[in-house]
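# Summary of the model geometry
Here is how the chains run, residue by residue.
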Amino acid sequence: GADSCGEVVFSTSDEFAVGDVVIGETVCMGATGGLAEFCALPAAKAAKIPAGGDALKYVNSMCASTAVMSFERAGYNSKGAGKGKTCLIIGASGGGGIFA
């Protein structure tokens, strides 16, 4: 529930209008809430999806980038760094874990 995706139904920000489709990060508020029917988040933690864009592709990019950044910080990368090391992935049912 840390990542969210949906249609704006109310906004006090000049950046977003009702009807815009956005992706966002809800964990910034100290809790998760992206799985709820409605969630509120700061405009700085949301991004508008271009008209006609596929929301699922954008939200999956957020999940994938989270997994990649975590692995790189732990010393792993696609060029072989970390090869032969053991890595335990906890919570692999979440967005980031799926891509890990």
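Everything below is about the structure printed above this text.
## Digging into the overall build of the chain
When you go through the chain residue by residue, the secondary structure sums to two helices and three strands. Traced from its N-terminal end to its C-terminal end, the chain shows the element sequence β-β-β-α-α. Per-residue burial for the chain yields a buried fraction of 19% across its 100 residues. Summarising the internal contacts of the chain: among those between residues at least 6 apart in sequence, 47% fall at separations of at least 24. In the structure as shown, the chain presents an accessible area of about 7000 Å², 58% of it carried by carbon and sulfur atoms.

## As for the side chain of Asp 20
Take Asp 20: it is sitting in the loop between β1 (3-7) and β2 (21-25). Residue class for Asp 20 comes out buried when judged on its relative accessible area of 16%. In terms of polar contacts, Asp 20 uses its side chain to reach the backbone amide nitrogen of Ala 17, at 2.7 Å. When neighbours within four sequence positions are excluded, Asp 20 is seen to be in contact with Gly 6, Glu 7, Val 8, Glu 15 and Lys 48.

## Here's the deal with the pattern of salt bridges
Here the structure, examined in full by the defined rule, presents one salt bridge. Between Asp 20 and Lys 48 there is a salt bridge whose closest N-O contact spans 3.5 Å. Of this pair, Asp 20 sits in the loop between β1 and β2 while Lys 48 sits in strand β3 (residues 46-48), and the two are 28 residues apart along the sequence. Of the residues examined, Lys 48 reaches a relative accessible area of 47% and is grouped as partly exposed.

## What to know about the layout of surface pockets
Empty space within the largest pocket amounts to approximately 580 Å³. Along its surface, the largest pocket is lined by 24 residues, and Val 8, Phe 10, Cys 39, Ala 40 and Leu 41 are the ones closest to its centre. Secondary structure elements with two or more residues in the lining of the largest pocket: β1 and β2.

## Quick notes on the sheet that holds β1
Working definition: the strands of a sheet are paired by backbone hydrogen bonds and lie parallel or antiparallel to each other. Sheet architecture is open: three strands sit in the order β1-β2-β3, paired in antiparallel fashion. Both edges of this open sheet fall to β1 and β3, since each of them pairs with a single strand only. Across this sheet, the average inter-strand angle for adjacent strands is 20°, counted without regard to direction.

Parameters at a glance
- Residues numbered from 1 in each chain as written.
- Predicted model: local features only at pLDDT ≥ 70, side-chain atom pairs only at ≥ 80, totals over all residues.
- Heavy atoms only, no water.
- Helix = DSSP H or I, 4+ residues; strand = E, 2+ residues; numbered from the N terminus.
- Buried < 20%, exposed > 50% of the residue type's maximum accessible area, 1.4 Å probe, protein only.
- Contact = heavy atoms within 4.5 Å.
- Areas by Shrake-Rupley, 256 points an atom, 1.4 Å probe, with all protein chains shown as cover.
- Polar contact = N/O pair within 3.5 Å; in protein donor to acceptor, adjacent residues only side chain to side chain.
- Salt bridge = Lys/Arg side-chain N within 4 Å of Asp/Glu carboxyl O.
- 1 Å grid on protein atoms, 1.4 Å probe; cavity = no way out; pocket = protein on both sides within 12 Å on 5 of 7 lines; lining within 4 Å.
- Points joined across faces, edges and corners; volume = space filled by probe spheres on them.
- Pairing = 2+ DSSP bridges.
- Axes fitted to C-alpha atoms, helices over the stretch in contact; angles between N-to-C directions.

Structural measurements only, silent on function.
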